[in-house]
Each structure stands twice: as C-alpha cells, then as structure tokens.
Amino acid sequence: MSTSFATPAMLLRRRIATYFVGGAEEIPALVRALDGHLVHELSVDIKDGVRESSMVCAVLLAPAEIEPLLDRLRELPSVVSSEPA
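Residues numbered from 1 in each chain as written. Predicted model: local features only at pLDDT ≥ 70, side-chain atom pairs only at ≥ 80, totals over all residues. Heavy atoms only, no water.

1. A few points about the sheet that holds strand E3 (residues 53–61)
Reading across from one edge, E2-E3-E1-E4 is the order of the four strands in this open sheet, with antiparallel pairing throughout. Where the open sheet ends on each side, the last strands, each with one partner, are strand E2 (38–45) and strand E4 (79–84). Recorded for the sheet is a direction-independent mean angle of 15 degrees between the axes of neighbouring strands. Pairing of strand E1 (residues 12–20) with E4 involves five bridges; the strand directions are antiparallel. Each residue of the ladder has a partner; that of phenylalanine 20, found in E4, is valine 79. Of the strands in this sheet, E1, E3 and E4 are in contact with helix H2 (residues 66–74), which crosses E4 at around 165 degrees. (Pairing = 2+ DSSP bridges. Helix = DSSP H or I, 4+ residues; strand = E, 2+ residues; numbered from the N terminus. Axes fitted to C-alpha atoms, helices over the stretch in contact; angles between N-to-C directions. Contact = heavy atoms within 4.5 Å.)

2. A short note on the side chain of serine 53
Counting through the fold element by element, serine 53 comes out in strand E3. Sequence-distant contacts of serine 53, defined by excluding residues within four places in its chain, comprise Thr18, Tyr19, Phe20, Gly23, Asp45 and Ile46.

3. So, the environment of leucine 42
Take leucine 42: it is sitting in strand E2. Separated by 17 residues in the primary sequence, leucine 42 and valine 59 have C-alpha atoms spaced 8.9 Å apart.

4. Section: the pattern of salt bridges
In this structure the tally under the stated criterion is seven salt bridges. With its nearest N and O atoms 3.3 Å apart, the salt bridge here joins glutamate 41 to arginine 15. Residue glutamate 41 is located in strand E2, and its partner arginine 15 is located in strand E1; the two are separated by 26 residues in the primary sequence. Exposure remark for glutamate 41: the relative accessible area of 37% places this residue in the partly exposed category. Here the salt bridges share partners, and the residues they tie into one network are Glu67, Asp71, Arg74 and Glu83. (Salt bridge = Lys/Arg side-chain N within 4 Å of Asp/Glu carboxyl O. Buried < 20%, exposed > 50% of the residue type's maximum accessible area, 1.4 Å probe, protein only.)

5. Brief notes about the environment of tyrosine 19
On the secondary structure map, tyrosine 19 appears in strand E1. The class for tyrosine 19 is partly exposed, based on a relative accessible area of 35%. C-alpha separation for the pair tyrosine 19 and serine 53, spaced 34 residues apart in sequence, amounts to 5.6 Å. With sequence-adjacent residues up to four places away left out, tyrosine 19 is seen in contact with Glu52, Ser53, Ser54, Ser78, Val79, Val80 and Ser81.

What follows is the structure in structure tokens.
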C-alpha cells in the first residue's frame, strides 16, 4: 500500500542579525515581522549610549523564505540592516 504525502519544503535553521535604532519601543515591530516563522532563539541587545541596538534570532525557514523575511525586516523604519548571521 502506497501512501502519498506532500513533501514540505526543507526547513533550515537560519540565524539573522538585525541592527536597529529607536531602542526598546521598536522591539514589538521587529517581533511582528517574524510572525509566521518558528523562532528558536531571540536575543535583543540594547545599550545605553549606543546608537544602534541589535536583535539576533534563529528561525526555521525554507531556503526561498530567507530573502523575503530579510526584506520585511529591512522595510521597518527603525532597521539599519538585517543580514544572515
């Protein structure tokens, strides 16, 4: 007996580093940009007196999803850069 299953795209764990300005009030928008993706790790580093803050996360993504996610993060007004880490 043969059972047919749809093969989901292979998900890979990708680390993303995003640098942003505006401090802690920008975190909710950054996290919303990750909606729809399984986030395994997330850390935010905000330091007093430093212009840019950072968010580093590990996300499960299909290979074709990495650029659209990076683009979505880059479109946020507070984001200076977002790249694979």
